[in-house]
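Letter by letter, the chains look like this.
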Amino acid sequence: MSTDAVRMSQWPSEQPYVIPVAPGPDVATVTIDGKEVQVPRGELLIKVAQDHGTYIPRFCWHERMKPVGMCRMCLVEVEGMRGLQISCATPVTDGMVVHTQSPGVKAAQDGVLEFLLVNHPLDCPVCDRGGECPLQDQTLAFGPGESRFVEEKRHFEKPIPISETVLLDRERCIQCGRCTRFASEIAGDALIHFGGRGSGTEVMTYPDEPFSSYFAGNTVQICPVGALTASPYRFRARPWDLDSVETSCQQCAVGCRGALESTSNRLVRLLGVDLDPVNQGWLCDRGRYAYEWVHSDARVVTPRLAREGGLAEATWPQALDAAAEALRRARDEHGPDAIGVLGGARGTNEDAYAWARLAKGVLRTDNVDAQLDDGLPAEVVLGLPRASIDDLDRAAAIVIVGSDPKETLPVLYLRIRAAAEAGVPVVDVSTHDNGCTPFAACSLRHRPGEVATPVAALAEVLGGRTTGSDADRLAALVADRDGPVVVVLGRPSLAEPATAAVHAAALLAAVPAVRFLPALHRGNVHGALDLGLAPGLLPGRVTLDAGRAHVGAVWGGVPAARGLDARGILAAAADGRIRTLVLLGCDPLTDFPDRPLVERALAAVGTVVVVGAFADAAGGHADVVLPTTVWGEQDGSGTNLEGRVQRLARKVTPGGAAMEAWRIAGELAARLGVDFDLELTAEVQDEIARVAPAFAGVDAAVLRRARDGVVLPLVDHADEIAWGPAPLGAGVSWEPIPAGADAEPVPADAEAAATPTGPPAPPVALWEWRGPAEPAPTVPVDAYALRVVAARTLYGADRAVLESPSLAAFAPRDAVLLVSRTDRDRIGVADGDRVRVTSARATVELPVVADARIPQGVAFLPANRAGAGIGDLVDPDAAVTDLRVETLR
Amino acid sequence: MAQETPVVTRFMRERPDDSWQFESARAYNAAYTRLERAFAMGPEAIVEAVQQSGLRGKGGAGFGTGQKWSFLPKGVFPRYLCINGDEGEPATFKDHMLTERDPHQLVEGAIITAYAIQANHAFIYLRGEFALGADRLQQAIDDAYAHGFLGKDIGGSGFDLELVLHRGAGCYIAGDETGLLSSLEGERAMPRIKPPFPAAQGLYAAPTVVNNIETISTIPWIIANGAEWYAGMGVNRSTGTRIFSVSGHVERPGNYEVELGMTFRELIEGLAGGVRDGKRMKFFIPGGASSPWLLPEHLDSPLDMDYAGSELRTMLGSGAITVFDETTDPLLVSWRLAKFYAHESCGKCTPCREGSSWIEKVLYRMVNGQGRPEDLDLLLSFGSNIVPGLNAPFAQTTICALGPSTMSHVVSLDRWFRDEIVARLERDTARRTSLEIVTVSAGADA
Amino acid sequence: MAFSGTERRRAEEIVARYPQSRSATLPLLFLVQDRDGWVTPQGIEDVADFLGLTPAVVLGTCSFYTMFKLSPVGKLVVSVCTNVSCLVNGGPQLHEHLRREYARSDDVFIEEVECLAACDRAPALQINYDFHGPLTGEQAVDLIERHRSGELTARTISGTATGGEV
Ligand SMILES: Cc1cc2nc3c(=O)[nH]c(=O)nc-3n(C[C@H](O)[C@H](O)[C@H](O)COP(=O)(O)O)c2cc1C
Ligand code: SF4
Ligand code: FES
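Worth saying up front: this structure is predicted, and the values here are computed from it rather than measured. Sequence order as written defines the numbering, with residues in each chain counted from 1. As a convention, the first chain written is A and the first ligand written is 1, with the rest following in written order. At least 70 in pLDDT is required for a residue's local features to be given in this predicted model, at least 80 for side-chain atom pairs to be given and counted, and no such filter applies to totals for whole chains, interfaces and linings, which use all residues. Water and hydrogen atoms were dropped before computing side-chain values, which therefore reflect all heavy atoms in the structure.

In this section: the overall build of chain C. Numbering of helices and strands runs from the N terminus; a helix is a DSSP stretch of H or I covering at least four residues, while a strand is a stretch of E covering at least two. Across its full length, chain C holds 7 helices and 4 strands. The linear arrangement of helices and strands in chain C, starting from the amino end, is α-α-α-α-β-α-α-β-β-β-α. Projected onto its principal axes, the C-alpha positions of chain C cover 45 × 30 × 30 Å. If you take every contact in chain C between residues at least 6 apart in sequence, the share linking residues at least 24 apart comes to 63%. Just so you have it, chain C exposes about 6600 Å², and 49% of that area is on carbon and sulfur atoms. Counted charges follow a simple rule, with Lys and Arg positive, Asp and Glu negative, and His plus the chain ends left uncounted. For charged residues, the charge sits on one atom: NZ in Lys, CZ in Arg, CG in Asp, CD in Glu. If the 15 positive side-chain charges of chain C are averaged to one point and the 22 negative ones to another, these points end up 2 Å apart. Here, residues are in contact when the closest pair of their heavy atoms is within 4.5 Å. The method behind every accessible area is Shrake-Rupley, applied with a 1.4 Å probe, and residues are considered shielded solely by the protein chains displayed.

Listed per partner, the contact involves 45 residues of chain C and 56 residues of chain B. A 1.4 Å probe defines the accessible area here, and the buried area is the portion of it lost by two parts on being joined, summed over both. Note on chain C versus chain B: buried area summed over both sides is about 4000 Å², and carbon and sulfur give 57% of it. Salt bridges are identified by distance alone: a Lys or Arg side-chain nitrogen within 4 Å of an Asp or Glu carboxyl oxygen. In this structure, the connection of chain C to chain B is made through 4 salt bridges. Its salt-bridge partner being Asp135 of chain B, residue Arg155 of chain C comes within 2.7 Å of it at the nearest N-O pair.

Turning next to the site of ligand 2. We call a residue near a molecule or strand when any one of its heavy atoms sits within 4 Å of it. Taken together, 13 residues surround ligand 2, and among them Cys346, Lys348, Cys349, Cys352 and Cys400 of chain B come closest. Residue classes in the shell around ligand 2 are distributed as 8 nonpolar, 4 polar and 1 charged. Basically, the charged four are Asp, Glu, Lys and Arg, the nonpolar ten are Ala, Val, Leu, Ile, Met, Phe, Trp, Tyr, Cys and Pro, and anything else, Gly included, counts as polar.

Attention shifts here to empty space enclosed by the protein. Residue and element names in this part refer to chain A. For each structure, a 1 Å grid was placed over the protein atoms alone; sets of points admitting a 1.4 Å probe that cannot get out are labelled cavities, open sets with protein on both sides within 12 Å along at least five of seven lines are labelled pockets, and lining residues have an atom within 4 Å of a point. Grid points are joined across faces, edges and corners, and a volume is the space filled by probe spheres set on the points. Under the defined criterion, the tally for this structure stands at 12 cavities of 30 Å³ or more. Empty space within the largest cavity amounts to approximately 180 Å³. Considering the residues around the largest cavity, the lining is formed by 17 residues, among which Val220, Ala230, Tyr233, Arg269 and Leu271 are closest to the centre. Elements supplying a minimum of two residues to the lining of the largest cavity: α5 (216-222), β12 (228-230), β15 (266-274) and α6 (285-289). At 4 residues, the largest contribution of residues to the lining of the largest cavity is made by β15. Residues that form the lining of the largest cavity fall into these classes: 9 nonpolar, 3 polar and 5 charged.

All names here are of chain B. In the vicinity of ligand 1 lie 20 residues, with Gly59, Asn84, Glu87, Asn212 and Thr215 positioned nearest. Here a nitrogen atom of ligand 1 and a backbone polar atom of Gly175 are 3.2 Å apart. Taken by itself ligand 1 offers 610 Å² of open surface, and the protein chains cover 90% of this. Element by element, the count of residues in the shell around ligand 1 is highest for strand β4 (residues 208-212), at 3 residues. Whenever a nitrogen or oxygen atom comes within 3.5 Å of another N or O atom, the pair is scored as a polar contact, on the condition that within protein one atom can donate a hydrogen and the other can accept it, and that pairs from neighbouring residues in sequence are kept only if both atoms are in side chains.

Moving on: the domain arrangement of chain B. All names here are of chain B. For chain B, the domain assignment lists domain 1 (10-232), domain 2 (235-325) and domain 3 (330-433). Between the C-alpha centres of domain 1 and domain 3 there is a distance of 36 Å. Contact residues are listed per partner, giving 11 residues for domain 1 and 8 residues for domain 3. For the pairing of domain 1 and domain 3, the buried interface totals around 890 Å² over both sides, and the portion due to carbon and sulfur atoms is 74%. For domain 1, the biggest contributors to the area lost against domain 3 are Tyr172, Ile173 and Pro191; these three give 49% of the whole. Those domain boundaries reflect an automatic or database domain assignment.

Looking now at the sheet that holds strand β21 (residues 426-430) of chain A. All names here are of chain A. Spatial ordering of the open sheet is given by β22-β21-β20-β23-β24, a layout of 5 strands whose pairing is parallel. At either margin of the open sheet sits one strand with a lone partner, and together these are β22 (442-445) and β24 (514-518). Taking the axes of each pair of neighbouring strands and ignoring which way they run, one obtains an average angle of 20° across the sheet. Pairing between two strands is assigned when DSSP locates at least 2 bridges connecting them. Pairing between β21 and β22: 4 bridges, direction parallel. Each bridged residue has a counterpart across the sheet, and for Asp428 the counterpart in β22 is Ser443. Axis definition: a line fit to C-alpha positions, over the contact stretch in the case of helices; interaxial angles, taken between N-to-C directions, run 0 to 180 degrees. On the sheet, helix α11 (residues 410-421) packs against β20 (397-401), β21, β23 (485-489) and β24 and is oriented at approximately 140° with respect to β20.

What follows deals with the nonpolar core. Membership of the largest hydrophobic core comes to 206 residues, with the highest contact counts inside it found for Trp355 and Leu626 of chain A. Beyond its immediate chain neighbours, meaning those up to four positions away, Trp355 of chain A contacts Val341, Leu533, Val582, Leu584, Val611, Ala661, Ile664, Ala665 and Leu668 of chain A. Note on terminology: a nonpolar core comprises buried Ala, Val, Leu, Ile, Met, Phe, Trp, Tyr and Cys residues joined through side-chain atoms within 4.5 Å. We call a residue buried when its accessible area falls under 20% of the maximum for its residue type, exposed when it is over 50%, and partly exposed in between, using a 1.4 Å probe and counting protein chains only. Core analysis: the next-biggest nonpolar cluster, separate from the first, contains 128 residues, Ile193, Ala289 and Val422 of chain B together with Ala11 of chain C among them.

Residue and element names in this part refer to chain B. Along helix α3 (residues 33-41), the positions that sit buried rather than exposed are Arg34, Leu35, Ala38 and Phe39. Down the axis, α3 shows its buried residues gathered within 140° of arc, on one side only. For α3, the exposed residues lying more than 90 degrees away from the buried face are Glu36 and Ala40. Its buried side turned inward, α3 meets α2 (22-29), α4 (43-53), α7 (103-117) and α10 (213-225). Looking one or two places after α3, you find Gly42, whose phi comes out positive at around 90°. In this description, one arc is meant: the one made by directions from the helix axis to the C-beta atoms.

Moving on: a negative patch on the surface. Residue and element names in this part refer to chain A. A cluster of like negative charges, contributed by Asp675, Asp677, Glu683 and Asp686, occupies part of the molecular surface. With respect to the helices and strands, Asp686 occurs in helix α21 (residues 681-691). The exposure class of Asp686 is partly exposed, given its relative accessible area of 35%. The patches reported here contain residues having more than 30% relative accessible area and no salt bridge. Joining distances are 9 Å for like charges and 5 Å for nonpolar side chains (Val, Leu, Ile, Met, Phe, Trp, Tyr).

Attention now goes to the pattern of salt bridges. All names here are of chain A. Summed over the entire model, instances satisfying the criterion amount to 103 salt bridges over all chains. Among the ionic pairs, Glu803 bridges to Arg799, the shortest N-O distance being 3.5 Å. For Arg799, a relative accessible area of 28% gives the class partly exposed. Several salt bridges converge on common partners, so that one network encompasses Asp123, Lys158, Asp169, Glu171 and Arg172.

What follows is about the interface of chain A and chain B. Often, the extent of an interface is quoted as the loss of accessible area upon association of its parts. With 46 residues of chain A at the interface, the matching set in chain B holds 44 residues. With both sides pooled, the region where chain A packs onto chain B buries about 3700 Å², and carbon together with sulfur makes up 55% of that total. On the surface where chain A and chain B come into contact, there are 3 salt bridges. At the junction of chain A and chain B, the tally comes to 18 residue pairs in polar contact (both at pLDDT 80 or more). Of all elements in the fold, only β2 (17-19), α2 (103-118) and β10 (192-195) of chain A reach the threshold of two or more residues within the side of chain A that touches chain B.

Here we come to the domain arrangement of chain C. Parsing chain C into structural domains produces domain 1 (5-64) and domain 2 (76-149). One C-alpha centre belongs to domain 1 of chain C, the other to domain 2 of chain C; they are set 29 Å apart.

With respect to the secondary-structure elements, Arg197 of chain A resides in the loop between β10 and β11 (202-205). The class for Arg197 of chain A is buried, based on a relative accessible area of 10%. Not counting residues within four places of it along the chain, the set of residues in contact with Arg197 of chain A comprises Gly170, Cys171, Arg188, His343, Glu344, Ser345 and Cys346 of chain B together with Phe64, Tyr65 and Thr66 of chain C.

Okay, the sheet that holds strand β6 (residues 85-86) of chain A next. All names here are of chain A. The strand order across the open sheet formed by 5 strands is β4-β3-β7-β5-β6, and the pairing between neighbours is mixed. Only two strands of the sheet have a single partner each, and these edge strands are β4 (35-40) and β6. As paired strands, strand β3 (residues 27-32) and β4 are joined by 6 bridges and run antiparallel to one another. Looking at β4, one finds that Val27 is bridged to Pro40. Seen against the sheet, α2 touches β5 (75-78) and β7 (97-99) and runs at an angle of roughly 165° to β5.

All names here are of chain B. Pairing of aromatic rings covers Phe, Tyr and Trp, the last counted by its six-membered ring, and requires centre-to-centre distances within 6.5 Å; plane angles under 30 degrees mean stacked, over 60 mean edge-to-face, and any other angle means tilted. Counting across every chain of the model gives 36 aromatic pairs over all chains. When the centroid spacing of 6.4 Å and the interplanar angle of 40° are considered together, the rings of Phe22 and Phe149 count as tilted. Taken together, the positions of Phe22 in helix α2 and Phe149 in the loop between α8 (131-146) and β3 (162-167) put the pair 127 residues apart, joining distant regions of the chain. In terms of burial, Phe22 and Phe149 fall into one category: buried. Measuring from centroid to centroid gives 6.5 Å for Trp293 and Phe417, while their planes differ by 55°, and the two rings are tilted.

All names here are of chain B. Positionally, Gly60 belongs in the loop between α4 and α5 (65-70). A relative accessible area of 27% means that Gly60 is categorised as partly exposed. Once the C-alpha coordinates of Gly60 and Asn212 are considered, the two residues, 152 residues apart in sequence, prove to be 8.6 Å apart. Apart from residues lying up to four places away in sequence, Gly60 is in contact with Gly317 and Ser318.

For helix α4 (residues 55-62) of chain C, the buried fraction is high: 8 of the 8 residues fall into the buried class. Of all the positions in α4 of chain C, only Pro55, Ala56, Val57, Val58, Leu59, Gly60, Thr61 and Cys62 of chain C are classed as buried. Among the structural elements, β10 and β11 of chain A together with α2 (25-36) and α3 (41-51) of chain C are those in contact with the buried residues of α4 of chain C.

Encoded structure:
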């Protein structure tokens with residue numbers, strides 16, 4: 001937090017008010033209850049006190065939001081100031097003498113508690129917050145024994161659902177405004193607000209509009225009482241029965257830190273942990289509730305083998321033997337290239353490494369791809385200069401190209417939004433209005449397939465090579481701002497090849513200040529790519545050729561030449577050139593855009609080995625199913641989009657006989673004659689640190705002690721590491737949970753021990769990519785057609801969503817075509833009417849709906865939907881896909 | 001014989017039938033002629049003169065007007081002037097009159113003030129219920145625009161001013177200066193934590209001055225007659241005149257503009273004709289509902305803002321005096337005021353939100369014969385968590401002064417009528433108990 | 001649906017008065033209240049739409065102020081003051097009288113209000129924000145009836161003038 005001034009919320013105002021701080025030295029000496037401490041001048045008293053071990057009770061103040069000063073619980077006595085001051089809005093000044101325990105302060109706190117209890121029901125025994133409720137705690141600790149309030153309490157209808165997952169009990173509400181402030185200040189979804197006034201003030205949503213924010217769950221977490229509860233957790237557990245471990249969410253590549261909680265071997269809750277450089281305490285609702293799928297009935301937990309009439313249960317040795325045999329036969333009879341491995345982006349780094357070693361080191365196939373033709377080429381992703389998430393706050397500008405972070409990387413969206421609020425100009429380059437448009441300083445629109453056009457102009461401006469009115473306006477936005485230009489780079493559309501995006505990347509990469517955050521979304525896709533699950537690459541961000549000697553020395557060899565990517569693998573399978581196909585935690589039927597190709601491939605391939613959590617991956621084509629443990633059941637590490645490696649923790653024991661994917665790789669390798677000699681997760685981590693150049697120095701010991709994880713490569717980020725557990729805060733969940741709260745204590749010399757002579761440099765130079773890339777061809781516009789954009793939405797027919805009951809409720813499952821109002825009217829149909837849609841490839845029927853964000857001439861197809869859709873319509877080799885739309889008659 | 005000293009009320013008395021009209025104000029009140037002089041003086045000299053005059057805010061707090069203006073941070077623009085015409089303080093009805101009867105005086109004051117503080121945008125936040133006032137003020141603003149007194153380059157001075165009339169929509173807390181700013185920004189009229197003060201970060205986070213309508217209406221006369229003239233009236237640090245709204249059980253309720261320093265007796269008995277129907281006074285509220293009450297024995301005290309605070313432990317507040325005769329039930333008055341505060345608390349601060357309605361509920365029982373002997377002490381006890389010390393000038397645990405105001409009448413009950421009330425509560429309790437016995441034994445008989 | 005035609009122009013004019021559009025919330029709510037007879041959900045949504053706010057925020061603001069009626073009130077809003085000066089001059093009795101008189105009326109809405117700043121005329125009331133007082137119950141009923149019959153011109157229920165003297 002800035003030490004000069006504290007931005008505060010004049011709730012519910014959005015004005016950028018700043019609590020003025022008197023000039024003076026940067027460090028102030030403050031005496032709190034007789035203890036003298038040195039603190040940054042201007043920091044809020046409540047925070048300073050907390051950081052130095054004095055917890056001042058509070059309800060409305062939240063570390064990640066601007067102070068509003070309404071609950072009046074944090075009153076303290078400051079010598080020389082008349083009356084009591086709210087410590088949540090008082091910046092410290094040099095020489096300040098503060099009393100937080102004086103009789104006057106105590107009386108005021110007791111008074112506030114008594115007032116809060118006047119209208120608060122005494123239903124703690126049936127309240128989800130009971131046991132972790134600051135109101136309850138403080139009442140027990142300091143409160144009056146018996147209520148002096150003999151009048152009738154305020155009554156409201158007991159919990160009313162305000163969204164699919166949030167329940168509101170207005171009787172319990174203490175009007176702290178945390179939820180309403182979160183919604184407007186942090187999430188930008190002011191859908192929950194105060195209504196009425198005085199003692200009739202109540203939290204409300206607009207009657208016809210539910211609190212359907214992707215971030216609604218955060219309000220439940222920060223509600224200091226049980227006014228907001230989450231229906232997925234309701235009555236599931238009592239806090240004292242919960243067991244908790246810190247881990248990172250793997251629902252997208254942001255990797256938000258969370259406290260995963262279980263009772264009786266069932267996951268029941270994920271709470272955001274305040275990791276300063278990543279999620280700052282927040283989670284999106286998909287991440288918050290997706291733990292549910294871990295307990296899905298559709299999970300497979302015993303190995304299966306194809307027999308007459310379908311898959312039958314088998315023993316591990318039987319299944320492993322069968323899989324190993326299929327791999328060996330393919331290799332021995334048809335060569336390494338007859339094996340393909342798809343997936344790996346949903347596992348841990350250890351899984352990815354072991355599978356890369358099995359595929360590339362043992363089987364010697366380079367037909368390996370963790371991406372399913374829905375991202376960007378791995379060489380580009382790994383070879384671009386990488387930004388950190390924190391760079392957003394200090395950026396000269398943020399440029400969003402080809403992605404809608406709100407849909408695919410929700411908490412990154414929150415970080416971008418916060419940076420924008422703090423004055424960083426955001427340039428949104430897209431085919432249509434998206435989540436970032438409302439706060440973008442500048443929105444550049446382009447036709448589908450032509451993202452490089454505006455980017456070329458932008459790169460000129462950023463490179464200071466052009467002038468002109470638009471350019472001047474843009475240049476003015478970034479002028480006088482130091483810091484990197486952070487480009488959030490994604491694949492603009494699944495209905496076009498990555499060519500245009502790659503060209504755009506090349507153009508931007510040529511600008512010196514530009515750094516990238518690749519907007520690939522799948523949980524550990526970055527870990528998988530970093531560890532070599534991509535054609536042409538070896539673990540640690542090196543190419544086959546560059547790493548051949550170093551990696552080959554440990555592995556005994558690596559593939560001879562670059563193999564196929566996912567599309568190539570599936571095409572080869574369809575042609576009969578791939579004999580054994582491994583699906584590593586993925587299902588191309590839902591994950592790969594071109595479904596007809598997948599169907600042909602699966603039908604043609606000899607053996608399909610499913611290494612995953614669902615037996616029905618690959619439809620009815622699986623021959624061997626090797627059940628894996630999943631997130632929450634397995635220790636390890638994951639890598640987020642900035643290259644931060646964080647520990648993942650096991651919280652529950654899988655039922656049945658599921659095994660870690662890395663162990664399965666080891667078992668298969670053993671059957672193929674290679675002993676990996678890896679028994680423990682830590683051993684895999686140590687081997688990664690030794691073998692994978694980008695991971696040099698990132699061994700198990702460092703990972704265990706680095707509180708916020710480690711950003712790759714360690715040489716460049718060693719001084720950012722925060723060693724050991726964070727100072728413990730109040731330890732209640734409605735406060736931001738400090739990161740690393742459950743980590744082991746750090747020995748005094750941990751830092752020195754971990755890096756005795758500074759972090760090791762990578763043994764092999766890391767791969768760098770600077771283009772060149774070919775410009776994508778532009779295709780003339782057909783005035784009678786709509787050009788397709790296909791992209792993911794947060795909720796869709798994704799497995800994790802469908803198998804999590806709380807999320808399934810949000811998921812629009814069926815395909816739909818979103819068009820501008822004008823185009824819908826031109827077609828002559830009403831919203832929801834089915835139309836006949838014809839592309840060069842196919843004709844399908846789809847419902848059409850008008851959407852104000854879509855420009856004329858564009859048709860938006862949400863990609864993760866069941867039924868007919870992009871897989872049928874889009875020709876993957878065409879630069880763009882145009883659709884003719886007709887009414888059904 | 002007590003006399004009025006009409007300054008801001010002079011013209012409306014002289015021309016009761018058309019004082020609000022442009023032509024009349026121009027012809028008979030030389031409206032807008034003070035502008036020229038103001039422009040000639042320049043901004044600093046005006047601020048200086050207003051400081052010299054000793055003019056203090058007439059909205060309630062009595063803060064030095066020129067001093068408030070001088071707090072604006074140098075060189076920070078834009079700045080805003082917001083004129084407070086929310087007039088919600090019970091029993092106050094002077095701004096209502098000033099708006100309806102002499103809107104040009106207000107507009108002229110607004111122009112001079114805006115010029116003095118170098119604001120090019122000014123707002124008059126008028127209480128929503130003042131419909132006729134809004135019409136007349138809007139007409140006055142339109143006329144001023146039409147004659148070049150508002151808009152660009154006023155009177156060739158190079159000074160531009162946009163003046164906007166903004167109607168409130170029914171809430172007392174919009175009268176608090178930061179509540180007013182929230183409301184003017186289109187939000188719930190929630191007061192804001194201070195600092196930052198409006199002078200530094202007010203409307204739209206820009207430097208802002210908030211002044212009462214009567215304060216602003218006085219400005220043209222200080223420009224016209226000079227600071228010495230104004231400072232020469234009044235008493236001690238309470239210079240000049242003030243309008244007192246006198247109502248309740250008096251013979252001639254109304255607004256009286258008098259020189260400060262006059263006594264309550266001269267005002268209430270001399271000008272307002274004293275308690276009507278030959279009754280005697282039981283108590284009076286000296287400065288709007290938020291001020292602690294006084295007794296007939298205080299009638300000879302001077303109308304002096306500082307004296308009221310230091311010697312009488314009350315305040316002249318908004319200048320509203322409400323007189324109650326000997327037949328009045330002080331508990332009833334207290335409950336009605338409690339109801340007002342409970343209704344008008346914005347709900348932001350816990351002590352005010354919960355405390356105000358608790359106070360109302362207890363007083364309601366007390367007025368209706370359901371009180372318990374300990375109830376008065378209960379009120380004082382939890383009330384002291386809103387007003388630590390319970391002693392005027394009030395300390396507060398809340399953001400704005402509405403919080404402590406909820407207790408001022410309770411403090412008054414305790415100060416002046418404690419014995420009477422406790423005796424009554426005991427009687428009520430005894431009666432209830434005996435009623436209970438009767439009911440129970442009647443039930444046993446049946 | 002959103003504003004259109006003259007209504008839209010009027011709304012644009014209002015917004016133009018303020019450095020930030022959100023300041024137009026209160027005047028626009030008066031506008032839709034006059035249009036619809038009360039602040040209807042449509043009105044809230046129109047204002048929200050025009051100002052780029054969520055309906056929840058507009059409703060939150062609207063529900064803070066007593067002059068906005070969130071349910072139908074008929075043609076005349078009669079506001080009777082019962083605060084202290086009126087209290088001791090018969091305000092509550094006047095309110096009670098009118099409440100009974102118009103208990104079943106659909107077009108006259110009797111409400112008890114806080115001090116109207118007309119204490120010199122206690123007991124005072126307003127009929128669509130025009131002041132009257134002091135009044136007896138009978139006088140008040142008579143006045144209301146004259147407004148009801150059209151003999152006297154009333155403002156709108158937001159207090160907007162509909163003609164007559166200014
Ligand atoms: C609850 C509350 C209500 C207030 N109501 C009014 C009011 O209706 N009119 C007014 O001028 N000042 C009112 N004030 C005082 C203002 O906050 C502010 O002090 C005043 O407008 C400043 O103007 P002045 O310096 O000219 O007096 C109120 C204050 C509080 C705390
Ligand atoms: S004291 Fe009362 S009215 Fe004032 S801000 Fe606090 S809650 Fe609102
Ligand atoms: S925490 Fe400071 S007022 Fe609520």
